[in-house]
Amino acid sequence: MNPVFKFLLRLASSPRIDMQEDYQWVRKMQKLFSSAPSARYRILDEKIYSINKDHEIPVRIFYPKQKKHPEPILYIHGGGWVTGDIDYYTRACVNIADHLGRVVYSVDYRLAPENPFPAGLEDVYRVAEVLLTPLEGEQEEDWIIMGDSAGGNLAAVVSLLFKKRQKRMPKKQVLIYPVTYWDHTENSPFESIKTNGYDYGMTIKKIQGFMELYSPDLSERKTALISPLMAEDLTEQPETLVLTAEYDPLRDEGEAYGKALRKAGNIVNIHRVLNSVHGFINYPTFTEPVEETLKVMDDFLNR
């Protein structure tokens with residue numbers, strides 16, 4: 001790993017950073033570095049009403065330079081259920097739309113701690129339900145659901161809920177370094193929590209802080225609605241691609257979820273991006289982890 005980059009990661013891994021106190025500062029920094037919509041982006045901002053019509057859920061639609069495939073992608077951004085928004089993920093969604101040749105819908109779900117679990121999940125589920133359900137007389141479309149980190153968690157949970165409630169399932173799902181388990185302390189059963197949890201930007205202290213902001217109730221965090229690896233039934237899930245980062249604390253639990261899906265009879269690809277860390281989906285397209293990831297996604301979606 002580049003020594004300068006590794007030094008910056010260590011600065012970002014400072015134990016002084018406490019997400020329960022510093023999340024608003026992180027949001028401000030993300031706003032500062034966000035890619036605001038501009039004329040060079042082919043986007044459209046829309047809104048979907050919540051199920052009880054008490055609030056609107058923003059959805060940004062990204063159109064590729066060249067549309068090559070009919071299946072749209074529903075993208076759910078990361079940020080620990082606490083940070084991140086459609087502006088911060090504009091570059092990532094533009095890259096995905098252009099390189100995969102598909103329209104991307106990015107959902108701006110409510111964030112904790114102002115709106116703790118299950119608010120964000122309800123928003124994502126509502127948008128997925130509306131988009132995946134054809135209007136009367138319309139032909140059914142094949143959809144892809146995709147998300148990174150907490151967004152990968154929400155994508156996995158939405159697929160579980162769709163199966164449980166007998167909804168029409170996404171054709172495929174792509175989970176990018178997803179959160180799948182409830183324990184991110186030294187007591188975790190996953191080795192990557194111990195080996196990668198201190199020096200690579202995303203620390204176990206940050207992850208634990210995010211989870212406690214999302215759901216202060218430990219017993220709630222142990223359920224499949226927050227920890228999909230705890231689900232009793234993983235059958236009949238979409239064909240799945242799990243992407244993990246070599247130096248990510250979440251690496252092993254993401255791969256464990258892929259293996260659990262496979263054991264339950266699902267078709268699953270698990271791909272570890274070497275020499276990479278948590279959050280790489282937001283890097284520029286010319287960086288090796290993003291180039292590799294987009295190629296792996298393209299191969300998976302087009303086969």
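Up top is the structure.
Conventions we followed
Residues numbered from 1 in each chain as written. Predicted model: local features only at pLDDT ≥ 70, side-chain atom pairs only at ≥ 80, totals over all residues. Heavy atoms only, no water. Pairing = 2+ DSSP bridges. Helix = DSSP H or I, 4+ residues; strand = E, 2+ residues; numbered from the N terminus. Axes fitted to C-alpha atoms, helices over the stretch in contact; angles between N-to-C directions. Contact = heavy atoms within 4.5 Å. Salt bridge = Lys/Arg side-chain N within 4 Å of Asp/Glu carboxyl O. Buried < 20%, exposed > 50% of the residue type's maximum accessible area, 1.4 Å probe, protein only. Expected span 1.5 Å × (residues − 1). Arc of directions from axis to C-beta. Parallel < 35°, antiparallel > 145°, perpendicular 65-115°, else oblique. Nonpolar A, V, L, I, M, F, W, Y, C, P; charged D, E, K, R; others polar. Phe/Tyr/Trp six-rings, centres within 6.5 Å; stacked < 30°, edge-to-face > 60°.

Structural notes on the sheet that holds strand β7 (residues 239–245)
On the basis of which strands lie adjacent, the open sheet formed by eight strands has the order β1-β2-β4-β3-β5-β6-β7-β8 and mixed pairing. Of all strands in the sheet, those bounded by a partner on one side alone are β1 (43–49) and β8 (268–273). With strand direction ignored, the average angle separating the axes of adjacent strands in the sheet is 20 degrees. The pairing of strand β6 (residues 172–176) with β7 spans five bridges and is classified as parallel. Along β7, the bridge assignment pairs L175 with V242. Lying on the sheet, helix α3 (residues 90–100) is in contact with β2 (56–62), β3 (73–76), β4 (104–107) and β5 (144–148); it crosses β2 at an angle near 45 degrees. Along the sheet, helix α4 (residues 119–132) makes contact with β1, β2, β3 and β4, crossing β1 at roughly 105 degrees.

With respect to the pattern of salt bridges
Within the structure shown, the criterion is met by 18 salt bridges. We note a salt bridge from E122 to R110, for which the minimum N-O separation is 3.7 Å. Separated by 12 residues along the polypeptide, E122 in helix α4 and R110 in the loop between β4 and α4 bring together distant segments of the chain. You can call E122 partly exposed: its relative accessible area is 45%. R303 is the salt-bridge partner of E239, the closest N and O atoms lying 2.5 Å from each other.

Observations concerning helix α10 (residues 288–302)
In a regular helix each residue adds 1.5 Å, so 15 residues correspond to 21 Å; α10 covers 21 Å between its end C-alpha atoms and thus fits that length. Taken together, the buried positions of α10 are P289, V290, T293, L294, V296, M297, F300 and L301. Each buried residue of α10 sits inside an arc of 165 degrees when the element is viewed along its axis, so together they form one side. Away from its buried face, by an angle of more than 90 degrees, α10 presents the exposed residues E288 and K295.

A closer look at the packing of helix α2 (residues 19–32) against helix α7 (residues 204–214)
It is the contact of α2 with α7, at a shortest axis distance of 9 Å, that shows an interaxial angle of 90 degrees. In this view, α2 runs roughly perpendicular relative to α7, as classed from their interaxial angle. Counting all contacts with α2, which are made through M19, Q20 and Y23, the residues of α7 involved are K206, G209, F210, E212 and L213. Here the residues of the contact of α2 with α7 are counted per class, giving four nonpolar, two polar and two charged.

What about α3?
Of all 11 residues in α3, nine are buried, a share of seventy percent or more. Residues of α3 that are buried include every one of T90, A92, C93, V94, N95, I96, A97, D98 and L100, and no others. Once α3 finishes, G101 follows within two positions and takes phi at roughly 65 degrees, a positive value.

Details of the pairing of β1
Relative to β2, β1 runs antiparallel, the two being bridged by seven bridges. What sits directly across from L44, in β2, is I61. Once β1 ends, the chain turns through six residues before running back antiparallel as β2, passing K53 with a positive phi of about 60 degrees.

Section: the packing of aromatic side chains
Scanning all chains against the criterion turns up 11 aromatic pairs. Plain terms: the ring middles of W81 and Y214 are 4.3 Å apart, the flat faces sit at 0 degrees to each other, and that makes the pair stacked. One end of the pair, W81, is in the loop between β3 and α3; the other, Y214, is in helix α7, and 133 residues separate them in sequence. Ring centres of Y125 and F162 lie 5.1 Å apart, and the angle between their planes is 80 degrees; on these two criteria the pair is classed as edge-to-face. With Y125 in helix α4 and F162 in helix α5 (residues 150–164), this pair connects stretches of sequence that are 37 residues apart. Accessibility classification places Y125 together with F162 in one group, the buried group.

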